[in-house]
Structure formats: C-alpha cells, structure tokens
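A closer look at the structure
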Amino acid sequence: MDASNPPPAQEPLARDDRASGSDGAVLTVNDLRVCFAGDRTTTTAVDGVSFTLRKGRSLGVVGESGSGKSVSSLAVLRLLPTDSAQISGEILFAGQDLLSIGEKQMRNLRGNQISMIFQEPMTSLNPSYTVGDQVAETILRHRSVSKAEAWTQAVEMLRLVRIPSPETRARQYPHNLSGGMRQRVMIAMALACEPQVLIADEPTTALDVTIQAQILDLLENLKSTTGTAIVLITHDLGVVAEACDDVIVMYAGQVVESGSVEQIFSFPQHPYTVGLLGSLPRLDEERDELVAIGGTVPDMTQPPAGCRFAARCPFRIEKCAETPPMLEVNPGHTSRCWRTPLEELADEF
Amino acid sequence: MSFETTSSQPPLLVASDVSKHFTLRRTIFGRPLTKVRAVDDISFSLQPGETLAIVGESGCGKSTLGRVLMRLIEPSAGAVTLDGVELTALSNRDMLAQRSKIQLVFQDPYASLNPRMTIGQTVGEPLMLHNVVPKAQRAERVKELLKMVGLRPEHASRYPHEFSGGQRQRVVIARALASEPKILVCDEAVSALDVSIQAQVLNLLKSLQKKLGLAYIFISHDLSVVKHIADRVAVMYLGKVVELGETRKIFSTPRHPYTRALLSAIPAAHLGHGRDTAAHALAGDLPSPIDPPSGCRLHTRCPHARPECKAVDMSLDVEADGHANACAFWKELPQTDDLLGKGRATDPRLAKLFAAFSNPLPEGEQAPC
C-alpha cells in the first residue's frame with residue numbers, strides 16, 4: 001500500500017484566514033427554511049438555519065435523527081425534490097445565491113465546486129460501471145480533458161484516497177470492493193474536481209471503527225493539503241471531537257448551539273448539548289448512570305411555541321415559553337437558550 | 001477447556017469448543033468445497049448475573065456465536081451447556097422448553113416487532129407459548145412487564161407504529177423478559193438508537209439486571225458502550241476469540257494487537273486525550289472470511305507482525321487472573337501505558353447539570369419513555 005504518495009501540488013494555503021471574518025467564508029447559509037407539504041399537514045424540517053463555513057476548516061453538524069441535518073445539506077446542493085420541498089433563505093457560495101441560480105448553473109457547480117459524500121457507500125455507487133469509470137465520469141463532466149486523461153486522473157484520485165493498487169481496482173466493479181474501499185471511492189469521486197466545499201453526510205456511520213479511523217484520517221489530510229472546507233454531518237460526538245474545528249448542534253430543525261469544538265466540549269451552553277454529552281459513555285471515566293433525556297422529539301408538523309427543547313429540559317423556566325434567539329455566551333459561542341450562561345445554574349442543583 | 005472466573009458459583013452457560021462452519025459450495029456429490037468458518041473453536045463461560053460482551057467488527061462472527069448459543073443456528077462442533085443441560089444434545093422439542101431460559105433482543109426494533117400485533121399480544125405471546133402464568137392472569141402480567149421496562153400499562157392495546165425507536169426497543173425487551181429467562185442475548189441492542197435513547201435503554205438494561213439477576217451476552221461493535229455495561233469482554237476477529245478478560249483489564253492493559261487497534265480507533269468524545277492512535281492502527285481491510293490468513297489471522301494487518309506469525313496457532317494464553325489472549329508474542333509487544341488517554345476531566349459544574357437530567361421532569365410531563 002502506497003500511503004506516502006504525495007498529493008498533487010497545491011498553492012500554499014492561507015490557513016489563518018479565519019480571523020479575517022467573512023473573508024475566509026466559502027459557504028454562508030442564512031435563515032434556511034425547508035418545508036415539506038403533505039396532504040393535510042406541512043412538516044417544517046429545517047427552520048431558520050444559519051452557518052458559515054470557512055476555507056480549510058471543518059464544521060461538524062450534530063443532531064439526532066429527524067433534527068434536519070441531512071435535509072439542510074441536501075438543500076445546499078439543491079437535491080431536494082422541487083415539487084414537495086419549499087425552500088427559502090439564502091445560500092451564498094462564491095458571491096451568488098445558490099437558491100436563485102438556474103438548474104444548469106447548479107449542475108456545473110455540483111460535483112465540481114461543491115460535492116457530497118453520502119452515508120451508504122453500498123447504494124450510492126452504480127453497480128454496472130467500474131469504479132474507475134465512475135470517478136472519470138465526474139472529471140469528464142466538469143473538465144475539458146480526453147477520456148484517457150480523465151482515466152489517468154481517476155486512477156490518481158484512487159491513489160490519493162489510499163486505495164492499494166489503484167490501476168487494478170479502477171477496473172473493478174463496486175461489488176468487488178469492501179465497504180471501506182467503496183467509501184474511499186465515493187470520496188475520490190467527490191474530490192476529483194478539487195471542490196471548495198465537501199459535504200459528508202455520515203461518511204463513516206456504516207463502517208467499522210478501524211476503517212472509520214482510516215477515513216477520518218484521510219479527510220483530515222485532504223483538508224490540510226487541498227484546503228477543502230468540510231461539512232461533516234454526524235450523530236457521533238466522538239467523530240466531531242476528533243475531526244472538526246467548529247460545531248453546530250441541531251434540534252428539531254433549528255441550530256441550538258454553535259461554537260468551536262473546544263468551547264462546546266469543555267462547557268456546552270445549551271441544555272440539549274449538555275444532555276447529549278452526558279448520555280455518552282466515556283472511555284476514560286466511570287459513569288454509573290448515563291444521562292437519559294426524558295420525553296421525545298417534538299412533532300414537526302406542529303412544532304411547539306417557544307423553546308423547542310423546553311418540554312424535555314430540566315432547567316426550564318416560565319420565560320422558555322417565548323422563542324429564544326441565538327444568544328452569544330462567549331465570543332464565537334452562541335446558544336438558543338434563555339438560561340445561558342449555564343455555569344451559573346450548577347449551584348441550583 | 002473453558003475459562004472460569006474466580007467465582008465459586010457454577011457457571012450458568014458454558015460454551016466449549018463451539019464452531020460453526022457454513023458451507024458455501026459443494027461438489028455434485030455433496031462434498032463441501034468452500035466453507036466460512038464463522039465461529040471457530042470458541043470456549044467461555046458465563047456466571048449468573050454477569051454481563052459478557054462480545055465485540056468485533058462486522059463479519060467477525062459475533063452474531064453467529066450469539067445465535068449458536070441459543071441453538072437458533074446449529075453448531076458444527078462443540079457443546080453449549082445451559083444451567084447443567086447440554087443444549088446441543090437436546091431434541092428440538094426439548095430445546096423449545098429450554099429456550100425460555102435464554103432470550104434474544106434484536107438490533108432493529110423496527111423489524112423485530114410484528115406490525116399487525118398489538119404490544120399486548122406481542123408481549124403476551126411468550127407467556128402463552130411457555131405457559132408462564134395461567135391464562136386469566138396473562139393480561140395482568142403483560143401490564144407488569146410493560147411497567148418494568150418503563151412503558152405505561154395502557155400501551156398494551158397499541159400497535160408498534162405508534163412508538164418511537166426507543167419505546168419499541170423497550171417492547172422487545174419486555175417480550176424477551178416475558179418467559180422469565182436467566183440470560184438475555186442482546187445482539188447490537190442499542191446500535192440502531194440515537195445516543196440519548198441509547199442511554200435510556202442502557203440504563204434500563206442495567207437496572208433490570210440488578211433487579212432480576214439477569215445475565216447478559218452483550219454483542220456490540222461499540223466499545224464505549226461495552227465498557228459501560230460489561231463485566232467481561234471477549235474480542236473476536238475472523239471467527240476467533242483473540243482476547244478475553246475482565247472489562248477493566250481489557251481496557252487498561254489490552255494484550256492483543258487487535259484489541260489495541262480497536263481501542264485506539266474509537267473517536268473519543270472528550271478533548272485533550274492526546275493519544276497516539278497511529279501506532280496501533282491496522283493496515284488495510286478485513287480479509288475474506290472464506291479464506292482467512294494462515295497462522296495468526298491478524299498477521300496481514302498487524303503493525304507488530306513478524307514472519308513467524310504466519311505459522312503460529314491462535315490458542316489463548318491465559319494469565320493467572322484469567323486474562324487470556326491469542327497473540328503468540330504478546331509478551332514482546334511494546335508496552336501500552338495509556339491507550340485510551342486521560343481526557344480533560346468533566347467540569348464539576350457540568351457534572352451537576354448532567355445530574356439534573358435524572359431529576360423527574362417538572363409536573364405535567366410524561367415519564368421518560
């Protein structure tokens with residue numbers, strides 16, 4: 001296995017453009033709202049989500065099933081069915097709003113400047129084409145190169161994602177490859193055109209831990225060598241702590257907390273995040289009983305008024321009947337909770 | 001051979017040299033050509049009230065082993081003894097009666113409940129099959145069981161689709177408890193659940209164990225969950241147990257390179273652990289179980305492999321405290337002082353907030369379910 005093969009040369013990166021505010025932003029989502037109209041009811045899957053993704057950084061999107069994290073990412077790529085999904089808000093990429101450009105323009109961006117890795121490597125590859133063909137297809141679609149040239153680049157991409165003997169593997173079909181290798185093919189496809197933004201939706205959930213570690217390592221490497229900004233959608237807080245720089249936590253279609261990994265893991269400022277962290281068994285500490293967040297996620301056809309977590313929150317007060325805004329607790333660390341800073345609550349219990 | 005724990009009680013379940021080989025291809029005369037050795041020569045024992053976790057990656061044979069223990073899959077060789085009765089020697093009819101003592105909790109609560117049966121019928125079925133209580137008392141017993149797993153008695157008349165994943169898993173557990181088993185085999189019982197729900201079910205399993213003295217065979221790929229719930233751990237790789245010992249020992253001083261790799265690969269949900277994961281990482285992918293590597297099956301991926309590894313056998317080397325592992329050269333491996341890393345301790349104020357979640361919710365809210 002040739003792991004030491006250097007990636008294609010890149011221009012040196014301005015790694016520290018985070019401080020320059022909006023300058024480093026490659027993707028900005030403002031007040032994104034996605035509704036699905038049913039026969040009698042309308043489900044609001046995403047309700048006013050905003051975030052900023054900066055060059056060369058990775059943003060973790062955490063939340064449980066049904067919190068709207070995957071729908072948000074599909075909305076960014078405009079992959080939601082246009083007949084049933086109503087999308088509003090603003091998705092700014094390279095100075096244009098992705099929600100207002102034409103489908104043809106969008107197709108030129110997709111897989112080229114913004115690309116996506118899906119959760120299921122088994123179902124996202126076409127079983128009747130070789131993996132080399134599928135990676136080359138992306139290159140042919142977006143670059144003016146010959147078929148032979150596209151194939152060479154595809155093999156190079158497979159080598160970059162550390163698939164052993166890529167020349168042989170490129171001529172094989174998805175069923176010849178293991179799950180971890182298929183996921184690497186997906187990553188190779190997504191990165192073939194050196195996108196500025198890579199959205200990875202649960203890229204390691206279907207994989208075993210040892211393979212997960214390899215894939216996360218690979219993403220980390222690509223981020224630092226190519227400067228690709230990564231949105232990592234996951235329900236696994238461990239993956240976020242290992243692989244992300246910034247985090248947003250979603251609950252019932254809203255962002256409830258946003259900050260750096262450091263801030264959120266050292267002292268979360270939203271009760272939901274507190275519950276999530278407490279519900280994880282820790283490897284280095286003994287916990288007799290895990291935190292179990294009582295109650296269930298609200299019904300999104302009729303989201304509750306006020307704070308959506310209030311019904312399950314042990315810290316709620318009367319004011320929680322009013323919808324809380326995102327409040328800044330520390331610089332760069334915001335939370336949708338009236339009771340912040342939560343440190344001060346500790347004495348009450 | 002079996003590895004007894006120090007306890008003086010007779011073991012509840014003993015597996016001795018259990019194997020399961022699946023035949024993939026036969027000649028036209030029926031002679032097997034290729035076999036998958038899904039479970040290969042595994043021995044262990046389980047004490048009453050104990051939790052033994054079986055961990056490993058997909059395809060290592062842990063689910064097959066769980067089913068072999070219940071004789072849902074007939075073993076190719078070896079014997080399973082439950083409470084002094086050799087299950088593998090029983091007729092099918094006698095086995096049915098024994099099965100009330102060992103029950104299974106499946107992974108996916110969306111697939112393991114019959115959508116056309118009410119919760120009451122589902123939980124009541126084992127009561128009828130094993131004739132646990134007289135017919136007149138069945139409805140009452142179903143309600144007790146539902147209460148025991150944290151559901152409300154009136155849920156008995158509802159159908160599975162009305163419940164969330166966590167609630168369904170509680171129903172599956174209630175059904176498994178109905179026949180008053182001594183052992184629950186939990187096959188990835190919390191893997192399909194969201195973390196907060198997973199925590200609820202883990203807490204439930206722990207409290208049931210305390211209350212009823214159940215023993216668990218806890219099959220999982222998630223080592224942090226295993227560390228939380230298990231007393232002992234068996235690590236499997238390609239059909240073989242590579243390490244078996246007390247949870248504390250496995251996590252603090254793992255012997256086998258595969259266990260070390262697994263432990264170092266878990267992403268830790270806390271900061272500042274500063275572990276060196278690369279040193280223990282395995283190379284490449286899982287080899288095909290149809291044609292596993294000769295000698296030590298890990299040698300193709302092991303960072304400490306040496307030429308002799310191709311020829312060694314994988315018998316377990318048992319230390320004085322019962323900690324067993326299958327690496328022929330484990331004494332020569334580099335020391336691992338702190339594989340899990342010591343993360344930054346939880347802020348005591350944050351720990352107080354965690355505790356607040358276990359207080360009952362303010363009035364007007366339903367109990368957690």
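Now for a description of the structure that goes with this document. (Residues numbered from 1 in each chain as written. Chains lettered and ligands numbered in written order. Predicted model: local features only at pLDDT ≥ 70, side-chain atom pairs only at ≥ 80, totals over all residues. Heavy atoms only, no water.)

As a further point, take the overall build of chain B. Each helix and strand in chain B was counted, giving 10 helices and 12 strands. Its C-alpha atoms give chain B a radius of gyration of 22 Å, within 12% of the compact-globule value 21 Å for 369 residues. Dimensions of chain B along its principal axes, counting C-alpha atoms only, are 65 × 65 × 40 Å. Taking all 369 residues of chain B together, the buried fraction comes to 55%. Long-range pairs, those at least 24 residues apart, make up 66% of the contacts in chain B with a sequence separation of at least 6. Element-wise, carbon and sulfur atoms account for 52% of the exposed surface of chain B, whose accessible area totals about 15,900 Å². (Helix = DSSP H or I, 4+ residues; strand = E, 2+ residues; numbered from the N terminus. Rg over C-alpha atoms; globule rule 2.2 N^0.38 Å. Buried < 20%, exposed > 50% of the residue type's maximum accessible area, 1.4 Å probe, protein only. Contact = heavy atoms within 4.5 Å. Areas by Shrake-Rupley, 256 points an atom, 1.4 Å probe, with all protein chains shown as cover.)

Turning our attention to the overall build of chain A. Each helix and strand counted, chain A has 10 helices and 12 strands in total. By the compact-globule yardstick of 20 Å for 349 residues, chain A fits well, its C-alpha radius of gyration being 21 Å. A principal-axis box enclosing the C-alpha atoms of chain A has dimensions of 65 × 50 × 40 Å. The proportion of buried residues among the 349 residues of chain A is 55%. Within chain A, counting contacts between residues at least 6 apart in sequence, those at least 24 apart form 64% of the total. Of the roughly 14,500 Å² that chain A leaves accessible, carbon and sulfur atoms contribute 48%. When the 30 positive and 44 negative side-chain charges of chain A are each reduced to one mean point, those points stand 7 Å apart. (Lys, Arg positive; Asp, Glu negative; His and termini not counted. Charge placed at Lys NZ, Arg CZ, Asp CG, Glu CD.)

With that settled, consider the sheet that holds strand 1 (residues 25-37) of chain A. Residues and elements named next belong to chain A. In space, the four strands of this open sheet follow the order 2-1-4-5, with antiparallel pairing throughout. Among the strands making up the open sheet, the edge pair consists of strand 2 (42-54) and strand 5 (96-97). Across two bridges, strand 4 (residues 85-93) lies against strand 5 in antiparallel orientation. Looking at the pairing, Leu 92 lines up with Asp 97 of strand 5. (Pairing = 2+ DSSP bridges.)

Given 3.6 residues to a turn, an α-helix orients residues that are three or four positions apart in the same direction. Helix length check: helix 6 (residues 179-191) of chain A, at 13 residues, gives a terminal C-alpha distance of 18 Å against a target of 18 Å (1.5 Å per residue), a fit within 8%. With respect to burial, helix 6 of chain A is a largely interior element, 13 of its 13 residues being buried. (Expected span 1.5 Å × (residues − 1).)

All names here are of chain A. Under the definition given, this model contains five aromatic pairs over all chains. Arranged with centres 5.2 Å apart and planes meeting at 90°, the rings of Tyr 251 and Phe 309 form a pair that is edge-to-face. Highlighted residues: Tyr 251 in strand 9 (residues 246-251) and Phe 309 in the loop between helix 10 (271-278) and strand 11 (327-330), separated in sequence by 58 residues. Comparing Tyr 251 with Phe 309, the two get one shared label, buried. Between Tyr 272 and Phe 309 the ring centres are 5.4 Å apart and the planes differ by 65°, which places this aromatic pair in the edge-to-face class. (Phe/Tyr/Trp six-rings, centres within 6.5 Å; stacked < 30°, edge-to-face > 60°.)

Here we take up the environment of Pro 127 of chain A. Here Pro 127 of chain A is to be found in the loop between strand 6 (114-117) and helix 3 (131-142). For Pro 127 of chain A and Tyr 173 of chain A, which are 46 residues apart along the polypeptide, the C-alpha to C-alpha distance reads 6.5 Å.

We now examine the nonpolar core. Residue and element names in this part refer to chain A. Ranked by size, the top nonpolar core spans 77 residues in total, and within it Val 135, Ile 187 and Phe 265 carry the most contacts. Looking at this core, the element that brings in the most residues is helix 6, giving eight residues. Leaving out residues up to four positions away in the same chain, Val 135 has contacts with Ala 154, Met 157, Leu 158, Val 185, Ala 188, Met 189 and Ala 192. (Core = buried A, V, L, I, M, F, W, Y, C linked by side-chain atoms within 4.5 Å.)

Before going further, it helps to examine the sheet that holds strand 9 of chain A. Residues and elements named next belong to chain A. The strand order 6-7-8-3-9-10-12-11 describes an open sheet built from eight strands, whose pairing is mixed. On the outer flanks of this sheet lie strand 6 and strand 11, each paired with one strand and no other. Strand-to-strand, the axes of this sheet are offset by a mean angle of 20°, without reference to chain direction. Note that strand 9 and strand 10 (residues 254-260) share six bridges and pair antiparallel. Bridging from a neighbouring strand, Val 249 pairs with Glu 257 of strand 10. Running over the sheet, helix 1 (residues 69-76) touches strand 3 (58-62), strand 6, strand 7 (197-201), strand 8 (229-234) and strand 9 and is turned about 150° from strand 7. (Axes fitted to C-alpha atoms, helices over the stretch in contact; angles between N-to-C directions.)

It is worth stressing that arrangement in space is one thing and function is another; only the former is reported here.
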